[in-house]
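Analysis of the macromolecular model
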Amino acid sequence: MEEVLEALARTDPEAARIVEFYRGSDTSTLVREADRVCRGVHGDGVWIRGLVEFDNHCQRSCSYCGIRKDNANVRRFRLEPAQVVETVREGWNAGLKSFVLQGGEDPAYSVAMFREILDGIFSFAPAAAVVLSVGIRSKRDYKALREAGASRYLLRFETSDPVLHRLLRGGIPLSRRLRALADLREAGFEVGSGYMVGLPGETEQIRIANALLCRSLGLDMVGIGPFIPHPDTPLGNSFQEPIELAVRATALVRLLLPQANIPATTAAGSLHKAGREKLMAAGANVLMPNLTPGSVRKDYLLYPGKICLDESGLDCLRCLDVRTGLVNKVVRTGRGDSPSWTARQEGAKTSKSPLENPS
Ligand code: SF4
């Protein structure tokens, strides 16, 4: 690790200082600093994105994932474009302006179907921000989806360690994931990625490398979720790490990427009853209430013990209002473009150090 940090100090001295601060700080000190940096850039607002899990078919069999192709216990569903549009309409009518459409890597869901969804949404919500999270696709698909009006794309790399990545993803190399992220940037998307913490075989060095990879990719959005072993997967008997790993990871990413939008993930709330509040206190500034129709919601289980399966999307909104209040923040329902994205659009640049007293 020391050699890695020495090399980092030569190429990105600010990142090296932040990592030193992270390694030398207890969690409450780290969280306090991350919260200060978060409030300095994002104020006390927490953006609300309506999440629609529309398709649990997937051609991959990642070894941690509950909807992996080889899990025969999953009841598969694929919502029609019109159903997705109606689900988004309910969220729009409730005041939401930003929506995440998430599904497995499913070639059967064609670009034409996404066009139908996007046209439908923009017919009543021209100012909505639509985020896609549908896995690796061709460059041509990315370009077509961007032209159809999707403005953001999420594609988590899950681990920056090439060996672990290959093991987790059935032989697919990390480089393929990174190429897709570059393709997304080239297509003009606001780009998000991220990772799990607490995977079997993961070390503290890998966790730090994960956060540094997010910085070197210049991500606009970073999702960090605790690994929760799913019993119907090859990793079902793995050890469950405590929520603190995800809290520290969130704080580190907030310090390394002050302008990124960072969700307090549902996985964190599923692992610990105050998990989302802990991540918001550590610099997360996005929450994603689940708008997925109740008839299929229980069939989209990436991990067990997922919360908010029985509540309606509107119940979730009320609940999240209370939760943000617990950490002295307030919900906001605008588009919530990331400042890094907005700055890039305007050609602006910032080089200010996020740390008040970097050690
Ligand atoms: S992580 Fe994504 S690509 Fe991998 S099996 Fe699950 S849904 Fe499919």
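Please refer to the structure placed before this passage.
The present account deals with the structure reproduced in this document.

Scanning the protein from terminus to terminus reveals 15 helices and nine strands. Against the 2.2 N^0.38 benchmark of 21 Å for 359 residues, the protein shows a C-alpha radius of gyration of 19 Å, consistent with a compact globule. The contacts of the protein with a sequence gap of at least 6 include a subset with a gap of at least 24, amounting to 79%.

Turning our attention to the sheet that holds strand β8 (residues 286-287). Pairing within the open sheet is parallel, and its three strands lie in the order β8-β1-β9. The sheet is open, and its two borders are formed by β8 and β9 (330-332), each paired with just one other strand. Looking at chain direction, strand β1 (residues 45-48) and β9 are connected through three bridges and run parallel. Its bridge partner lying in β9, Val46 is registered against Val331.

On the basis of which strands lie adjacent, the open sheet formed by six strands has the order β2-β3-β4-β5-β6-β7 and parallel pairing. The open sheet has two edge strands with one neighbour each: β2 (50-55) and β7 (221-226). In this sheet, adjacent strand axes meet at a mean angle of 20 degrees when their direction is disregarded. Bridge count between β2 and strand β3 (residues 98-103): five bridges; the pairing is parallel. Paired with Leu51 across the strands is Val100, a residue of β3. Together, β6 (190-197) and β7 form the strand contacts of helix α10 (residues 244-256), whose direction differs from that of β7 by roughly 165 degrees.

Quick look at the packing of helix α9 (residues 204-216) against α10 now. The interhelical angle for the contact between α9 and α10, taken along N-to-C directions, is 30 degrees, at an axis separation of 9 Å. Handedness of the α9/α10 crossing: right-handed. In contact with Arg207, Ala211, Cys214 and Arg215 of α9, α10 contributes Ala249, Leu252, Val253 and Leu256. When grouped by side-chain class, the residues that make up the contact of α9 with α10 number six nonpolar, no polar and two charged.

Turning our eyes to something else, we now look at the environment of Ile228. Relative to the assigned elements, Ile228 resides in the loop between β7 and α10. The exposure class assigned to Ile228 is buried, which follows from the 22 C-beta atoms found within 10 Å. Separated by 115 residues in the primary sequence, Ile228 and Ala343 have C-alpha atoms spaced 36 Å apart. Ile228 has contacts with Gln240, Ala267, Ser270, Leu271, Tyr303, Pro304 and Gly305, leaving out every residue within four places of it along the chain.

Another aspect to go through is the pairing of strand β4 (residues 129-133). Across the five residues of β4, four count as buried, placing the element largely inside the fold. Sheet topology note: the β4/strand β5 (residues 152-154) ladder contains two bridges and is parallel. Opposite Leu132, over in β5, you have Tyr153 as the bridge partner. Read from β4 through helix α6 (residues 139-147) to β5, the crossover connection turns out right-handed.

Let's shift gears to α10. Over its 13 residues, α10 runs 18 Å from end to end, which matches the ideal 18 Å to within 8%, given 1.5 Å per residue. Buried residues dominate α10, accounting for 12 of its 13 residues. Of all the positions in α10, only Leu245, Ala246, Val247, Arg248, Ala249, Thr250, Ala251, Leu252, Val253, Arg254, Leu255 and Leu256 are classed as buried.

The rules behind the values
- Residues numbered from 1 in each chain as written.
- Predicted model: local features only at pLDDT ≥ 70, side-chain atom pairs only at ≥ 80, totals over all residues.
- Helix = DSSP H or I, 4+ residues; strand = E, 2+ residues; numbered from the N terminus.
- Rg over C-alpha atoms; globule rule 2.2 N^0.38 Å.
- Contact = placed C-beta atoms within 7 Å.
- Pairing = 2+ DSSP bridges.
- Axes fitted to C-alpha atoms, helices over the stretch in contact; angles between N-to-C directions.
- Left-handed = near helix turned anticlockwise from the far one by under 90°.
- Nonpolar A, V, L, I, M, F, W, Y, C, P; charged D, E, K, R; others polar.
- Buried ≥ 20, exposed ≤ 12 C-beta atoms within 10 Å, placed from the backbone.
- Right-handed = clockwise from strand over helix to strand, strands pointing away.
- Expected span 1.5 Å × (residues − 1).

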